[in-house]
Amino acid sequence: MNTKIRRVIVTWLVVYPMVTLLLAIMESFTTAWPIPLRTLLLSVVMVPLLVLWAMPYATTRLKRFLSPPSSPAKRTLGLQDQVKLGS
């Protein structure tokens, strides 16, 4: 699986529950607000939470899933051998 696709999956796994939770919390006091104002509040709260906490936590926890498997040749070669090969 492509590394970009893996990042998309992890991002969605973090964003979807956060949007759902924040909308549920905000619903009680924002129901009379126009949609643009509700989405503004949602984004003002959600983006910092995502960037500063949720995504770093998720990428640390899912590091093995996000990292592409290394080729067998690179795993068996030492660092000096990799430099000679131009890696």
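Coordinates for the structure precede this section.
Residues numbered from 1 in each chain as written. Predicted model: local features only at pLDDT ≥ 70, side-chain atom pairs only at ≥ 80, totals over all residues. Heavy atoms only, no water.

Student: Looking at this structure, I do not really get the overall build of the chain. What am I missing?
Tutor: Helix and strand content of the chain: five helices and zero strands. Secondary structure of the chain in N-to-C order comes out as α-α-α-α-α. Burial analysis of the chain (87 residues in total) assigns 16% to the buried set. Excluding contacts between residues fewer than 6 apart, the proportion of contacts in the chain whose partners are at least 24 apart in sequence is 60%. Of the roughly 6900 Å² of accessible surface on the chain, a fraction of 69% belongs to carbon and sulfur atoms. (Helix = DSSP H or I, 4+ residues; strand = E, 2+ residues; numbered from the N terminus. Buried < 20%, exposed > 50% of the residue type's maximum accessible area, 1.4 Å probe, protein only. Contact = heavy atoms within 4.5 Å. Areas by Shrake-Rupley, 256 points an atom, 1.4 Å probe, with all protein chains shown as cover.)

Student: Before we go on, may I ask you to explain the packing of helix H1 (residues 3-30) against helix H2 (residues 35-61) in this structure?
Tutor: When two helices pack together, their arrangement is given by the angle between their axes and by how far apart the axes lie. At their nearest, the axes of H1 and H2 sit 10 Å apart, and the two run at 140 degrees to each other. Crossing of H1 over H2 shows right-handed handedness. Residues Val-10, Thr-11, Val-14, Val-15, Met-18, Val-19, Leu-22, Leu-23, Met-26, Phe-29 and Thr-30 of H1 touch H2, and the partners they reach there are Arg-38, Leu-41, Leu-42, Val-45, Met-46, Leu-49, Leu-50, Ala-54, Met-55 and Ala-58. The class makeup of the residues in the contact of H1 with H2 is 18 nonpolar, two polar and one charged. (Axes fitted to C-alpha atoms, helices over the stretch in contact; angles between N-to-C directions. Left-handed = near helix turned anticlockwise from the far one by under 90°. Nonpolar A, V, L, I, M, F, W, Y, C, P; charged D, E, K, R; others polar.)

Student: What exactly am I supposed to notice about the nonpolar core here?
Tutor: Generally speaking, nonpolar side chains in soluble globular proteins are found buried as a group. By size, the foremost hydrophobic cluster in this structure holds 12 residues: Val-10, Val-14, Met-18, Leu-22, Met-26, Leu-42, Met-46, Leu-50, Ala-54, Met-55, Ala-58 and Leu-66. Taken together, the elements giving at least two residues each to this core come down to H1 and H2. Here Val-10 is in contact with Met-55, Ala-58, Leu-62, Phe-65 and Leu-66, once residues within four sequence places are set aside. (Core = buried A, V, L, I, M, F, W, Y, C linked by side-chain atoms within 4.5 Å.)

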